[in-house]
Amino acid sequence: MFWEAVKNRKFLNNGKETFFIGDFYCHESKLVVEIDGKIHYYNKKHDELRTYIMNYLGLDVIRFKNEEIENNLENVLIKLKKYFYRTNNSTP
């Protein structure tokens, strides 16, 4: 569902090539988008470590729960737009 919403601009690429890269990655903005299912409720320490490592590598990480994507995709996309506006020093 998320992929269908963002793929037209092709600004998020599936980042499975290395274990540091999450579900989606935007190289031009150095942004990792993680979409967390229920397993992540039990892996919080692991997720925190991965986020720390990715931040150390100069990447930002945004996490969304599966439920957010399924129930309110529009709000998720608004959060992403706000991130891009903020990082590009623009106003929405």
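Heads up: the structure comes first, above all this text.
Residues numbered from 1 in each chain as written. Predicted model: local features only at pLDDT ≥ 70, side-chain atom pairs only at ≥ 80, totals over all residues. Heavy atoms only, no water.

## With respect to the overall build of the chain
Then, number 1: Each helix and strand counted, the chain has 4 helices and 4 strands in total.
Then, number 2: Put simply, the chain runs from its N terminus to its C terminus through helices and strands in the order α-β-β-β-α-β-α-α.
Then, number 3: A burial count over the chain gives 36% of its 92 residues as buried.
Then, number 4: Restricting the contact set of the chain to residue pairs at least 6 apart, pairs at least 24 apart contribute 53%.
Then, number 5: Of the roughly 6,500 Å² that the chain leaves accessible, carbon and sulfur atoms contribute 53%. (Helix = DSSP H or I, 4+ residues; strand = E, 2+ residues; numbered from the N terminus. Buried < 20%, exposed > 50% of the residue type's maximum accessible area, 1.4 Å probe, protein only. Contact = heavy atoms within 4.5 Å. Areas by Shrake-Rupley, 256 points an atom, 1.4 Å probe, with all protein chains shown as cover.)

## Some words on a nonpolar patch on the surface
Then, number 1: A grouping of Leu49, Tyr52, Tyr56 and Leu57 is seen on the molecular surface, where their side chains present a nonpolar patch of about 520 Å² in accessible area.
Then, number 2: You can call Leu49 partly exposed: its relative accessible area is 48%. (Patch = residues over 30% accessible without salt bridge, like charges linked within 9 Å, V, L, I, M, F, W, Y side chains within 5 Å. Salt bridge = Lys/Arg side-chain N within 4 Å of Asp/Glu carboxyl O.)

## Some details on the environment of Met1
Then, number 1: In this fold, Met1 is placed in the segment before α1 (2-6).
Then, number 2: Taking the relative accessible area as the measure of exposure, Met1 reaches 56% and is therefore exposed.
Then, number 3: For the pair Met1 and Ile69, spaced 68 residues apart in sequence, the C-alpha to C-alpha distance is 7.2 Å.
Then, number 4: Setting aside its immediate chain neighbours within four residues, Met1 contacts Ile69, Glu70 and Leu73.

Everything listed here is a matter of geometry and, on its own, says nothing about what the molecule does.
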